[in-house]
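If you want the building blocks of each chain, they are given just below.
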There are 2 protein chains.
Amino acid sequence: MNEFEKYLKTKAAFVEKGLSKYILKIANSPEVIKDSMAYSLEAGGKRVRPVLVMAAAEAFGKKAADVMPAACAVEMVHTYSLIHDDLPSMDNDSLRRGKPTNHKVYGEDLALLAGDALLTYAFEVFAQNGDVKSIGHKNTLKALQLFANGVGSEGMVGGQVTDIYAEGLIEGKFKRITAVKKESKALSKKSVKYFLMPAKLKEVSAETVLSYIHANKTGALIRSSIEAGAVLAGASEADRANMRKYGNAMGLAFQIVDDILDVTVSEKKLGKSGSDKENAKLTFVSLYGLEVSRKYAKAVLGEAVNALNKVKAINKKKAAPLYEMADFFLTRSM
Amino acid sequence: MNEFEKYLKTKAAFVEKGLSKYILKIANSPEVIKDSMAYSLEAGGKRVRPVLVMAAAEAFGKKAADVMPAACAVEMVHTYSLIHDDLPSMDNDSLRRGKPTNHKVYGEDLALLAGDALLTYAFEVFAQNGDVKSIGHKNTLKALQLFANGVGSEGMVGGQVTDIYAEGLIEGKFKRITAVKKESKALSKKSVKYFLMPAKLKEVSAETVLSYIHANKTGALIRSSIEAGAVLAGASEADRANMRKYGNAMGLAFQIVDDILDVTVSEKKLGKSGSDKENAKLTFVSLYGLEVSRKYAKAVLGEAVNALNKVKAINKKKAAPLYEMADFFLTRSM
């Protein structure tokens, strides 16, 4: 295990301690919902997002503990998004990380509410960062605002919406949209663009749709985690803008690598290049192929490092984990 | 139309202007999700909760406009809770206020995401109250924290969970819980109490369960609206505590009156005293009867007024709408 892997492991364990503390603090809920929240929150994972909050704050000279509330909030939001994604009306998944999904254990209604409760609790916990003296109220409020924007309809949720409707787009079928049109009078006059993209964008191609999905569905939460850490640590506007660029690139790279792994892992496991479902889905690999996708991931991570180099107030030594995280994203197998 | 009705109407129109502004600000979402959010947000209602935020702040000498962001946030949270409540896995309702429910128009997945997005946007908008000079960052952050607590698993969501599992409790059947036990190994060893109440409570009776549901399912959002207005306006700890008491009483009264209206409106419309569904449901009327429920509502609103009388820093003239709101709750037909 190298230095960075040790860093990642130590920080992840630190975050998990924080998460347990926040779960224990819930005293006025029916036990079953507290349990349901904890079930998914404690299901594991590398805790990359909260570690990014901490690594970003550390780069600006703060301690990891100073941003513990925000870091835990980020993981709660990630967890809520997984619970809701797995629901029958969404991806309808039965297993996640080898365990039954939340709704398989607690039922659909409780899983829905556990997601709602985690999202809500995330903001309650995030707001507590204002009580940390070295952070303060003003920066906490600003970071919370940016974070909320990053995970709502203009960020993560927006990306999920486009992803849902884009299914089949690569084959030019728009199956999904056709189905919606049939079901609902209210939506029948709307254009394809209406379902896929913000109104301000002029054109809709598979490329712009894919780039919107990637920037938002997965990327926005990663970018927001990084941005939150920087803003909490009091980054200047210019530095924040470059941290945002770093975050955007990191988020995009994460998703490209994810698309690549989807195919290569299936290849290994199933002995064929991706399932039908994957073929119908608009992904980097389905659009550009494996080779180009790999090159693109490298290039994007190069951009991430460039943006990081431009941030003035960060301590290069303390920022080492942010640089190493870029390498890690390229080689990860999460 | 009396003075208070005019006040309520003017303020509701003011809130709706604010809501439209916040919807228009959404520029980076696929149009369909923005539409879906606006569809439910603009579906009407008396906007009682945001008006309570404003009335509470005004009582402490602030202007209604000073708390516009928080007031709109409260209505967004109310709207998200309705969208998720109506979903097939919850109440499975097709109509709300005479219009098709969100998932009937936009599909289940989009309705789920519209609720998620509204809840998230609520916190983004709430945080913007910190930029209002007369309110500031510290009070905004404190109010946001209390508000989030009031609408999460320790408040509104907790009440919904108990309400779901308490169905049939009045007949001692626990149908629902039995069903869950059969379905899921993970939950099979749990006690009835586990599904209904916080662990710290010693006993579970129909009365304690009903009181938990009422205090939280509907009451918590009303109480949190009032508390948020007071905290944003800089109320002292002692005054805040009494505003919370006022809010708790108002929330409880609101729900009792709701239970009464459920029965009396059915009586008028259907010519019988409540449907089977209502009879199976644990409500104030089903537990105590109509007469006792009416008396109880009056007594609780008396408590609300008493608590309000104890708040030191409020201007009695400016607090008039808070007093009148208590009367309105008793006579309302929302």
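Residues numbered from 1 in each chain as written. Chains lettered and ligands numbered in written order. Predicted model: local features only at pLDDT ≥ 70, side-chain atom pairs only at ≥ 80, totals over all residues. Heavy atoms only, no water.

Looking at an unreviewed UniProt entry, one finds chain A named Geranylgeranyl pyrophosphate synthase and attributed to Elusimicrobium minutum. In its Sequence similarities (unreviewed entry) section, the UniProt entry covering chain A states "Belongs to the FPP/GGPP synthase family." On record in UniProt, under Cofactor (unreviewed entry), the comment for chain A is "Mg(2+)". (UniProt positions renumbered as here; feature names shortened; annotations may be inferred.)

Novice: Looking at this structure, how should I read the overall build of chain A?
Specialist: On a plain count of helices and strands, chain A comes out with 16 helices and two strands. A buried classification covers 58% of the 334 residues belonging to chain A. Partitioning the contacts of chain A with sequence separation of at least 6, the portion at a separation of at least 24 is 74%. (Helix = DSSP H or I, 4+ residues; strand = E, 2+ residues; numbered from the N terminus. Buried < 20%, exposed > 50% of the residue type's maximum accessible area, 1.4 Å probe, protein only. Contact = heavy atoms within 4.5 Å.)

Novice: Sorry, what's going on with the interface of chain B and chain A here?
Specialist: It is common to give the size of an interface as the accessible area that goes away when the parts come together. In this assembly, 67 residues from chain B lie in contact with 66 residues from chain A. Each partner contributes to the roughly 5,700 Å² buried at the junction of chain B and chain A, and carbon and sulfur atoms together form 64% of this total. A per-residue breakdown of the area chain B buries against chain A is headed by Asn28(B), Leu141(B) and Glu154(B), which together make up 11% of the total. Connecting chain B to chain A are zero salt bridges. Counting every contact that joins chain B to chain A gives 12 residue pairs in polar contact (both at pLDDT 80 or more). Listed by contribution, the elements that provide at least two residues to the side of chain B that touches chain A are helix H2 (31–41), helix H4 (68–86), helix H5 (102–106), helix H6 (108–127), helix H7 (137–151), helix H8 (156–166), helix H10 (192–196) and helix H11 (206–232) of chain B. Within the side of chain B that touches chain A, the residues separate by chemical class into 35 nonpolar, 18 polar and 14 charged. (Buried area = accessible area lost by both parts, 1.4 Å probe. Salt bridge = Lys/Arg side-chain N within 4 Å of Asp/Glu carboxyl O. Polar contact = N/O pair within 3.5 Å; in protein donor to acceptor, adjacent residues only side chain to side chain. Nonpolar A, V, L, I, M, F, W, Y, C, P; charged D, E, K, R; others polar.)

Novice: Explain the side chain of Gln128(B) to me, please; I cannot follow it from the model alone.
Specialist: Within the fold, Gln128(B) resides in the loop between H6 and H7. Among residues more than four places away in sequence, those in contact with Gln128(B) are Gln145(A), Tyr22(B), Lys25(B) and Pro69(B).

Novice: It is not clear to me how the confidence of the model for chain A should be interpreted in this structure. Could you clarify?
Specialist: The predicted structure's coordinates, where accompanied by low pLDDT, should not be read in detail. Here chain A shows a mean pLDDT of 88. Residues at 70 or above account for 87%. Note on residues 270–279 of chain A: pLDDT under 50 across the span, and 11 contacts to partners over four residues away in sequence or across chains. (pLDDT = per-residue confidence, 0-100.)

Novice: Just to check I follow, could you spell out helix H7 (residues 137–151) of chain A for this structure?
Specialist: In an α-helix there are 3.6 residues to a turn, and that puts residues three or four apart on one side. Taking 1.5 Å of rise per residue, the 15 residues of H7(A) would be expected to cover 21 Å, and the 21 Å separating its terminal C-alpha atoms lies within 8% of that figure. Those residues of H7(A) that sit buried are Thr140(A), Leu141(A), Ala143(A), Leu144(A), Gln145(A), Phe147(A), Ala148(A), Gly150(A) and Val151(A). Considering only its buried residues, H7(A) is in contact with helix H4 (68–86), helix H6 (108–127), helix H8 (156–166) and helix H11 (206–232) of chain A together with H6 and H7 of chain B. (Expected span 1.5 Å × (residues − 1).)

Novice: Mind showing me how you'd approach the relation of the copies chain B and chain A here?
Specialist: Two chain copies here: they are related by a rotation about an axis and a translation along the same axis. Superposing chain B onto chain A requires a rotation of 180° together with a translation of 0.0 Å along the rotation axis, leaving an RMSD of 0.0 Å. What we have between these two chains is a two-fold relation. For chain B, the smallest separation between a C-alpha atom and the rotation axis is recorded for His137(B), amounting to 2.9 Å. Here 99% of the contact residues of chain B are again contact residues in chain A; the copies associate through an equivalent surface. (Least-squares fit on C-alpha atoms with pLDDT ≥ 70 in both.)

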